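Secondary and tertiary structure notes
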Amino acid sequence: MDIPAPRRWRIADHADLAWRQWDGEYVFHHALANDTHRLSDAAGRVLLQLARCGEKDAESLALACELPVSDVEVILSEIAKLDFVA
Amino acid sequence: MTLKLGDLPREELCRRLARGLTLTTGPFRFRLQSRQAGVAEGLATLYADFPVLEDTDFRDFHVRVDRVRGPRRWFRPQVNFWFDGYAPFTPLPADHAFALLEWGMNWCIASHAHHYLLLHAAVVERRERTVILPGDPGAGKSTLTAALALSGWRLLSDELTIVDRDDGLIVPLVRPVSLKNRSIDIIRAFDARAVLGVAAHDTHKGTVSHLRPPAASVARMAEKGRAAHIVFPRWKAGASTRLSHHSKADAFMHAANHAFNYSLLGRLGFELNAALIDACDCWDFEYSQLDEALGAFEELVA
Amino acid sequence: MKLACAALLAALREPAAMAGFDANTWDRVVRQAAAAGVLGRLGALARETGIDEALPAPVWRHMQALLTLAGQQKRAVRWELVQLSRTLANLAGPVLLLKGAAYAAADLPPAAGRLFADIDLLVPKSQIDAAEAALMLDGWNSSHHDAYDQRYYRKWMHELPPMMHIRRQTVLDLHHNILPETARIRVDPAPMLAASRTLPEFPRFSIPTREDQVLHSATHLFHEGEWQHGLRDLVDLDAMLRAYAHDPAFLDHLIGRAEGLGLGRPLFYGMRHAERLFATPLPQGLLDRCPDRSGPLQTAVMDRLFHAAFATAHESCRTPLSGVAAWILYLRSHWLRMPPHLLVPHLMRKSWGRHVGKTSAGGERGTENDV
C-alpha cells in the first residue's frame, strides 16, 4: 500500500520573521504582512526549528522540539492561519 | 538668557499669541496662534517656564485655536483647532479652548512624529532611572504621574512616551499633566502648592484640568532618559501597595497595541519596542494610598 | 508660480538648493511640501544626493517620518499583491496595476518618498464582473452604498466604487478604462493592456509600458478635478520623463503612442508644465511635435488656470486666482467626463451633500483621495 509522504512545512515565502523570547514566551514579527503575534513556548520553539532547518515534517519537528506530534500538528495548523508557515 | 513665556507681561503675551507665538516643548517647536482669553490664561499659568522663540525659527507645527465663523461665533460660541489650515476635529464650546489646544498639540505629535516610536504612556525619571507607565483608562495613571512630579520626580510626559529611533532613549515633552474629574481634587489635596489651570467642565472626558509641570523638569527638557522600568499601575479601593512581575511578552504586546504608530514603523517598530522590553523590568502595581505608592516607587529606583 | 513657492520648486528642480535654505525658508517649504504631498520626495532627493546630513535636524526628522510612511506603504502593497494574486488567480486576461501602487510595486521613478492611498487595478471590461465577484468572495466590500453613487460609478465612470478589504482595511479601485465612458475623448484601453509587461515578482499583475505610464499620468492629471495633488502628480510626470528620456528612442515612441491613443493634448500639457515648473530637460522642438497640441490662445488661458491650480495645495501659495482656477478646472474635468445633460444634476447633488454637513473622512493630509 502506498502511504502518502508526510506534509513538509517551511516558513512562508517572503515572511521575513523576527522574534524575541522572554521567560519562555515569544513574540514574532512577520515583516511583509506587518503582523506581530505572541506565541507560547511550544509554538515559538516549533517556529524557530523551521526557521533554522528550512523544511521539516511534523514528526521531525516533534522530535526536535520534544513535543507530542499531535500538539505540533495543532500548532502548525494555527500558525499557518497567520501566514507564518506554509 | 532665554526668554521664557512667564517673562512676558500679559498684554504682550496676548499680542504675540494673536500674531503667532513660538514655544518649545521637548524636540518640537509649536507656533501657537489664538485670540481666546482662555488660551492665553492657560499658557500663562501652565507654560510660564517654557522658552519662547523668534518668529524666524523653523516650527514643526503651526496651530491655531479660535472661534468658528458663522452663527456659533457669538451664540453659545464654539472654537476649533486648526493645524496649518486644516481642522481635524469638530468644534467645541469656547470655554474648552485651552483643553482643545492641549489635545490638538498631542494630535500633531501623534499623527506626524513618525521619526519616533510613540507609546501611549506616562514617563517619569528619578536617579537616572526612567520609568514608563502605560495606563488603561481609569487606572489612575495620571493621578500617580502628577503625584510623582510633585514629589521630586522628573516629568518627561503624561501621555506620549517618545522613543528615539537612533539611540532608543526616551525624549521628554514635559507638557502639563492632564487630570480628569476626581484626580483634580486628589491632587489639590495631595499638594496645596500644585498649580492647576482653570477646569473645563462637561468635556467628552468629563471635567478636565492641567497641572503645571515642575520648573526643574522643564529646565531639563533636552535631556533624554534611559528606560529601566515599565510599571502598569492600577488604583483599587482598599488595596495594599503591591509590586509584582508582569510578563515581558505581555508588556511588549500591550505597548504595541496601545502605541500611536507601532504598525507604521514596521520592523523598526518591532525592534525599538523589543529593545525597550529587553532593557526594562516589567511590573504590575496595585495601590490605594498615594503616599504608600510613592514610597514603593522610591524603592524601585533606590 | 508665486514667489512664495519659489523655494519649494527650486528644491524639486535641484535638490542641492536645499543646502542653502535658512530656518525661515524651511518653515514655509516643509508646510507647502507636506500639503502638496511632496515632502517625502524631498526627503528621498535629499538622501539620494547626500544633502540629508546638511539639513537642520527637525527638518530631516519630518522628511524621515514621511519616508517611513512611504516605505510602509510599499511593503503593504507588496503584501496585497501576494493576497490578490491568489484572489484573482482564475481571472482571464491581464490585470494592470496603475499609478501609486504600480510605482511602489515596481519601484518606478516616482516611487521614492511617495504616498498613495488606494490600489488601482485595471481589467478588460469583459472581466469586470468576474473580478468584482472574486474580490467580494475574498472579503472586499463596496464602500459606496448609496444607490445614486453606485449608479454614477457603474453607468458612467471608468471604475467601480472603491472596495475595502474587511480585515486589512486596504482600499482598491477597479477600473475598466482610464477615462470614463462619457468622456469626450474616447480611449480604448485594449492597446495599453496588450502592451503591458508582467511584474517578475508578481506574475499575476502587469504594469503599463513606460510610454503608457507617462500618458496615463498626464491624462489623469489633466482630466481630473482634484487639484490638491496636482503638483505631486506633475512631479511624478517629471520624474518619469527625466528617467525614461535617458533612452533616446523613448521620446519618439512617446509621441507616436500619444498619437495612436489620441492622448496628445494631455501629453502636451503635461510636458509643457513639467518643463515650466521643474525645468524637465526636454529636447528643443519636442513640444512642437506633440499631436493635437492646443493653439496659442487656449494654451495661454490653460497656462494661467493650471499654474494657479497647481498652487492650491497650500494657503501660502494660493493666488486670488487659485480658488477660482481650481473651481473652473473642477468644472472642466466634469465637463470632460460627462455630457452636459448628465452634468448639472450630478454637480448639484454633490454640493448639497456638503451643505447637509457630510464631513469628509478626515485623516491625514496627503493621503485623501490619493491615487
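For clarity, every value in this text was computed on a predicted model and none was experimentally measured. (Residues numbered from 1 in each chain as written. Chains lettered and ligands numbered in written order. Predicted model: local features only at pLDDT ≥ 70, side-chain atom pairs only at ≥ 80, totals over all residues.)

**What about the overall build of chain A?**
The condition that has to hold: Counting from the N terminus, the helices are the DSSP runs of H or I reaching at least four residues and the strands are the DSSP runs of E reaching at least two. Only C-alpha atoms enter the radius of gyration, while the globule expectation follows 2.2 Å times N to the 0.38, with N the number of residues. As a rule, residues whose C-beta atom has 12 or fewer other C-beta atoms within 10 Å are exposed, those with 20 or more are buried, and those in between are partly exposed; C-beta atoms are placed from the backbone. Note that contacts rest on C-beta atoms placed from the backbone: two residues are in contact if these are within 7 Å.
A tally of regular secondary structure across chain A gives three helices and five strands. The N-to-C order of helical and strand elements in chain A reads β-β-β-β-α-β-α-α. Its C-alpha atoms give chain A a radius of gyration of 13 Å, within 12% of the compact-globule value 12 Å for 86 residues. In terms of its C-alpha atoms, chain A occupies a principal-axis envelope of roughly 45 × 30 × 20 Å. Residues counted as buried form 34% of the 86 residues belonging to chain A. Within chain A, counting contacts between residues at least 6 apart in sequence, those at least 24 apart form 48% of the total.

**Some points on the overall build of chain B**
Along chain B, the regular secondary structure elements total nine helices and 17 strands. Relative to the compact-globule value of 19 Å for 302 residues, chain B shows a C-alpha radius of gyration of 19 Å, a close match. For chain B, the C-alpha atoms occupy an extent of roughly 55 × 45 × 40 Å along the three principal directions. The contacts of chain B with a sequence gap of at least 6 include a subset with a gap of at least 24, amounting to 71%.

**A few points about the pairing of strand β3 (residues 25–30) of chain A**
All names here are of chain A. Filter applied, for reference: When DSSP finds two or more bridges between two strands, those strands count as paired.
By the criterion of burial, β3 is predominantly enclosed, with five of the six residues buried. Taking the residues that link successive antiparallel strands as the turn, the strand β2 (residues 17–22)-β3 hairpin has two residues, and the phi of Asp 23 there is positive, at about 50°. As paired elements, β3 and strand β4 (residues 35–39) share five bridges and run antiparallel to each other. Note that in β4 the partner of Tyr 26 across the bridge is Leu 39. The turn joining β3 and β4, which pair antiparallel and follow one another in sequence, is formed by four residues; a positive phi near 55° is taken by Asn 34.

**Comments concerning the environment of B:Ser34**
Residues and elements named next belong to chain B. Of note, Ser 34 is situated in strand β2 (residues 28–34). Separated by 64 residues in the primary sequence, Ser 34 and Phe 98 have C-alpha atoms spaced 10.0 Å apart. In this structure, Ser 34 is in contact with Leu 17, Val 39, Arg 64, Val 65 and Asp 66, ignoring residues within four places of it in sequence.

**Quick notes on the domain arrangement of chain B**
Residues and elements named next belong to chain B. Put simply, the rule is: Each domain's extent is set by a domain assignment, obtained either automatically or from a database. Side-chain classes are defined by residue name, with Ala, Val, Leu, Ile, Met, Phe, Trp, Tyr, Cys and Pro counting as nonpolar, Asp, Glu, Lys and Arg as charged, and the others, Gly among them, as polar.
Assigned domains of chain B: these are domain 1 (5–112) and domain 2 (116–300). Taking the mean C-alpha position of each, domain 1 and domain 2 sit 25 Å from one another. Every element with two or more residues in the side of domain 1 that touches domain 2 is listed here: α2 (37–46) and α3 (97–112). In terms of residue count, the dominant contributor to the side of domain 1 that touches domain 2 is α3 (six residues). For the side of domain 1 that touches domain 2, a count of residues per class yields seven nonpolar, six polar and four charged.

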